[in-house]
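Each chain, written out:
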Amino acid sequence: MTTVAAYAAPAAKAPLERTTVDRRAVGENDVLIDIAFVGICHSDIHQVREGWGKAIFPMVPGHEIAGVVAETGSGVTKYAVGDRVGIGCMVDSCRVCVNCRAGLEQYCTDGPVWTYSAVGKDGLPTYGGYSQKVVVDENYVVRVPEALPLDAAAPLLCAGITTYSPLRHWNAGPGTSVAVVGLGGLGHMGVKIAHALGAEVTVLSQSLRKKDDGMRLGADRYHATSDPATFTDLAGSLDLILNTVSAPLDFGAYFSLLRTDGAMVNLGLPEETVAIELQSLFGNRRSMSSSGIGGIAETQEMLDFCAEHGVAAEIELIRADQINEAYERVLASDVRYRFVIDTATI
Ligand SMILES: [Zn+2]
Ligand SMILES: [Zn+2]
């Protein structure tokens, strides 16, 4: 066992503070990773505040982890000491169910073992990336290509794959029209990746405040949802809407923007139940769906795609003692576009 420095919330809604956690001994198939950078995902804040229900405390959040392999178990074949690697939202799954075998470990029928606030197969709680080291089975580790800087690559492990997977599943590419609702941590990755895939990209944001950024990141059009004209101008014009906003919306208004067979896919997870009127889907065989992260192989595919297309997150690098302040700024949408913690400051 190794004791490592970490930042943890001691209880629900409590501020995060410096502490230590124990990492398991490096097993046969494990790698020990020196964490270099970790992103702050909005779901870290939901979890620390128990917005999605009971969580496990003390909690070390962080599932956008980038670092370097420091030690390998005797059975490890994919990684060597010095390799640049990443860990996303899950660190294990059953490996034998229909979804695991299909590369959809995120939908493991037993539920994957999440990177933090979960219980691992050893019966111990998992602790995330707001720490200096982590031990993970090599099958849940991905390689960060040399072309990607580790700090700007970290957010790809959640925000990147969460947008890449549905864009691929719903066939975004040349000739398709994709809208991204919300230009935050997830949304800015959605714009960059959809643009890199060759789709025509529209940003739908509350105001035009971030329009210059949106266009620079790859959007072709940028509309304010506070302007009713947006919903008449774009009516029936979109193949796919990626909704990154986790607050309830007027879904019917968004469905009206979809073409026949168009889909609105929800990536954020509201803390409250949402109501929709089926009439607004009915006329054009429109659908409403959701999507959660991506499998391990797809996460690797996403990193390779991003390296090839020069896509990474826009980040603001912070010290560990700025985490609590950063949480407040995320809640106020005051970040362009992802906070990343330099773990050397833990
Ligand atoms: Zn996340
Ligand atoms: Zn499974």
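Residues numbered from 1 in each chain as written. Chains lettered and ligands numbered in written order. Predicted model: local features only at pLDDT ≥ 70, side-chain atom pairs only at ≥ 80, totals over all residues. Heavy atoms only, no water.

**A closer look at the coordination of the zinc ion (ligand 2)**
- Of the protein atoms, only C94 (SG), C97 (SG), C100 (SG) and C108 (SG) coordinate the zinc ion (ligand 2), at distances of 2.3 to 2.4 Å.
- Angles of 103 to 120° at the metal separate the 4 donor atoms of the zinc ion (ligand 2), which places the site in the tetrahedral class.
- When the donors of the zinc ion (ligand 2) are listed by position in the chain, the intervening gaps give C-x2-C-x2-C-x7-C. Each member of the pair, C94 as well as C97, carries the same accessibility label: buried. (Donors = N, O, S within 2.8 Å, 3.2 Å for Na, K, Ca; no water. Tetrahedral: all angles 85-135°; square planar, octahedral: opposite > 155°, others 65-115°. Buried < 20%, exposed > 50% of the residue type's maximum accessible area, 1.4 Å probe, protein only.)

**Re the coordination of the zinc ion (ligand 1)**
- Taken together, C41 (SG), H63 (NE2) and C158 (SG) make up the full set of protein donors to the zinc ion (ligand 1), lying 2.0 to 2.2 Å away.
- Here the donor residues of the zinc ion (ligand 1) are spaced in sequence according to C-x21-H-x94-C. Residue C41 is found in the loop between strand 3 (30-39) and helix 1 (42-48), and its partner C158 is found in the loop between helix 3 (150-153) and helix 4 (159-169); the two are separated by 117 residues along the sequence. (Helix = DSSP H or I, 4+ residues; strand = E, 2+ residues; numbered from the N terminus.)

**Considerations on the domain arrangement of the chain**
- On domain assignment, one finds that the chain holds domain 1 (2-158 + 294-345) and domain 2 (160-290).
- Distance from the C-alpha centre of domain 1 to the C-alpha centre of domain 2: 27 Å.
- Contacts between the two partners involve 23 residues from domain 1 and, on the opposite side, 24 residues from domain 2.
- Of the roughly 2,100 Å² buried between domain 1 and domain 2, counting both surfaces, carbon and sulfur atoms make up 54%.
- Joining domain 1 to domain 2, the criterion identifies 4 salt bridges.
- Among the salt bridges present, the one from E301 reaches R168, with a minimum N-O distance of 3.3 Å.
- For the pair domain 1 and domain 2, the number of links is 15 residue pairs in polar contact (both at pLDDT 80 or more).
- The element that contributes the greatest number of residues to the side of domain 1 that touches domain 2 is helix 10 (residues 296-309), accounting for 7 residues. (Domains from an automatic or database assignment. Contact = heavy atoms within 4.5 Å. Buried area = accessible area lost by both parts, 1.4 Å probe. Salt bridge = Lys/Arg side-chain N within 4 Å of Asp/Glu carboxyl O. Polar contact = N/O pair within 3.5 Å; in protein donor to acceptor, adjacent residues only side chain to side chain.)

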